[in-house]
Amino acid sequence: MAYIDNILFVVLLIVGFGLFFKSLKEIYRNIQLGKKINRSDRKNERWALMANVALGQSKMGARPVAGFLHVLVYVGFIIVNIELIEIIVDGIFGTHRFLAGVLGATFYNALTSVLEVMAFLVIIAVVLFFIRRNFYGVKRLTMKELFGWPKNDANWILIIEFLLMVAFFTMNTTDAILQQREVYAQHGFFPVSQNLIVPLYEWFSFGDGFILFVERAAWWFHFIGILFFMNYLYYSKHLHIIFAFPNTWFANLEPKGKLNNLESVTKEIKLMMDPNADPYAAPPEADPNAVPEKFGASDIFDLNQVQLLNAYTCTECGRCTAVCPANITGKKLSPRKIMMDTRDRIEEVGRNINKNGKFIDDGRKLLDDHITREELRACTTCNACVEACPVLIDPLSIIMDLRRFMIMEESSAPQEWNLMFQNIENNAAPWQYSQADRLNWAND
């Protein structure tokens, strides 16, 4: 029977991790649909930024209460899952609390004590998050873009984490009782379980057989729950626990107000400014198979790979939208929705590829079918959303690329914008007066 348990464990382990890596491979393929971008410069700065922001959670402190609770869940969940190493070894080889023999009694007792305390703090934080999200009425958590699946997804994550911690305590509680009854060898110290939960079990005077059944059931539930949660990530906003690290490493290190220039436009300007250039020279012969270059972006294929990674990394926390001046003043723009819509379009294209073996034009685009022009035109390019993001996502870059397409490819802009463009072209300023009068203000 023991061998059957070990075989079943190995099968579940292989299937669980196999599906997980299959999902990661699919996400990687989807990100590769974007344009390549070189973000390999300033490596030391990038490693430091990733350590500080992704690992150190440095930007979460901007909202102290939520930030503190998030750190508890983040650190606690990681530390508690150290026990997954022990569960895997025990499950494969049929041992019980394998790490006790490796670490020794003192270190193992210290480890299990820390695990218990952190798991208890995770439960407290998860419950507070659930209450805060569903009953406290935080504006950025009740906006219409979160109606339906996004809200349910956030709640399911909290529920799953809560159940995993309950299973963890059930496993430890029953294990401690079985150790007291000398069914199991004495390994570990469980301060929370032994002081708060064990007395409840003993009050009911459960027999050894029932306690052993509950211990094994909790052990299997905890293990299968971790595999389920790991594979649920693909469908969830919780992907940020993985992608926050590469996302911060590949972040834009340029000053916030610096916008990138289109390479094709830069080349044209340089040619115009070159006194030695022949304006009548024939352009180089173009590759007949090459895709015509597009100004800006109308779909995910026109965005770069870091922008698509940004979309997968977004945790839908809404800190960007909460500080967006356009959104605050009642306009439709929500930087969070920009990222959610981009991810939805990536997934839509991914399903198309899965079904057809390659992308077949579905007559849909990111622009208009997912993100409206009214949203894009409301942006003031203030960078507040970029500054607020706790994992360095850049919604503004996507907004700017979509607006560039609207203006440079379609000549689609409000009349006020077109007047400004004409003034800049003719007068080198947004206002309609002669260039010779530009410094008259200094004489007042």
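For the structure given in this document, a descriptive report is provided here. This is a predicted model, so every value here is computed, not measured. (Residues numbered from 1 in each chain as written. Predicted model: local features only at pLDDT ≥ 70, side-chain atom pairs only at ≥ 80, totals over all residues. Heavy atoms only, no water.)

Focus: the nonpolar core
- Core analysis: the biggest nonpolar cluster contains 85 residues, and M165, L333, I338, L376 and L402 have the highest contact counts within it.
- With ten residues, the single largest contributor to this core is helix 6 (residues 105–134).
- Apart from residues lying up to four places away in sequence, L333 is in contact with C324, A326, N327, I338, E375, A378, C379 and I399.
- Counting nine residues, the second-largest nonpolar core is a separate cluster that includes Y184, Y201, I211 and V214. (Core = buried A, V, L, I, M, F, W, Y, C linked by side-chain atoms within 4.5 Å. Buried < 20%, exposed > 50% of the residue type's maximum accessible area, 1.4 Å probe, protein only. Helix = DSSP H or I, 4+ residues; strand = E, 2+ residues; numbered from the N terminus. Contact = heavy atoms within 4.5 Å.)

Describing helix 8 (residues 191–204)
- For helix 8, spanning 14 residues, the distance from its first C-alpha to its last is 20 Å, which sits close to the expected 20 Å at 1.5 Å a residue.
- Buried residues of helix 8: P191, V192, S193, V198 and Y201, and no others.
- Those residues of helix 8 that are buried lie in contact with helix 6, helix 7 (149–180) and helix 9 (208–232).
- Of the residues one or two after helix 8, S205 is the one with positive phi, at around 55°. (Expected span 1.5 Å × (residues − 1).)

Digging into empty space enclosed by the protein
- Within the structure shown, the criterion is met by four cavities of 30 Å³ or more.
- Its boundaries defined by the atoms lining it, the largest cavity holds a volume of some 100 Å³.
- Contributing to the lining of the largest cavity are 13 residues, with C314, C317, C320, C389 and I393 lying nearest its centre.
- Taken together, the residues of the lining of the largest cavity sort by class into nine nonpolar, two polar and two charged.
- Roughly 90 Å³ of internal volume is contained in the second largest cavity.
- Surrounding the second largest cavity, 14 residues form its lining, C324, L333, C379, C382 and C385 being those nearest its centre.
- Contributing elements (two or more residues each) for the lining of the second largest cavity: helix 14 (325–328), helix 17 (384–388) and helix 18 (395–409).
- Its residues placed into classes, the lining of the second largest cavity shows eleven nonpolar, three polar and no charged. (1 Å grid on protein atoms, 1.4 Å probe; cavity = no way out; pocket = protein on both sides within 12 Å on 5 of 7 lines; lining within 4 Å. Points joined across faces, edges and corners; volume = space filled by probe spheres on them. Nonpolar A, V, L, I, M, F, W, Y, C, P; charged D, E, K, R; others polar.)

Things to note about the packing of helix 3 (residues 64–80) against helix 7
- One way to put it is that helix 3 packs onto helix 7 with a least axis distance of 12 Å and a crossing angle of 45°. The angle between helix 3 and helix 7 falls in the class oblique. Crossing hand, helix 3 versus helix 7: left-handed. Together, V73, F77 and V80 of helix 3 and E161, L164, M165 and F168 of helix 7 make up the contact between the two elements. (Axes fitted to C-alpha atoms, helices over the stretch in contact; angles between N-to-C directions. Parallel < 35°, antiparallel > 145°, perpendicular 65-115°, else oblique. Left-handed = near helix turned anticlockwise from the far one by under 90°.)

Focus on the layout of surface pockets
- Looking at the largest pocket, its volume works out to about 1500 Å³.
- Lining the largest pocket are 48 residues, and of these I37, R39, N260, N261 and N304 sit closest to its centre.
- Elements supplying a minimum of two residues to the lining of the largest pocket: helix 2 (43–55), helix 11 (263–273), helix 12 (305–313), helix 17 and helix 18.
- Per-element tally for the lining of the largest pocket: the top contributor is helix 18, with five residues.
- Considered class by class, the residues forming the lining of the largest pocket number 15 nonpolar, twelve polar and 21 charged.
- There is about 1100 Å³ of room inside the second largest pocket.
- If you trace the second largest pocket, you find 40 residues lining it, with H70, E161, H238, H240 and I241 closest to the centre.
- Here the lining of the second largest pocket takes six residues from helix 3, the largest share from any one element.
- A class-by-class count of the residues in the lining of the second largest pocket yields 28 nonpolar, six polar and six charged.

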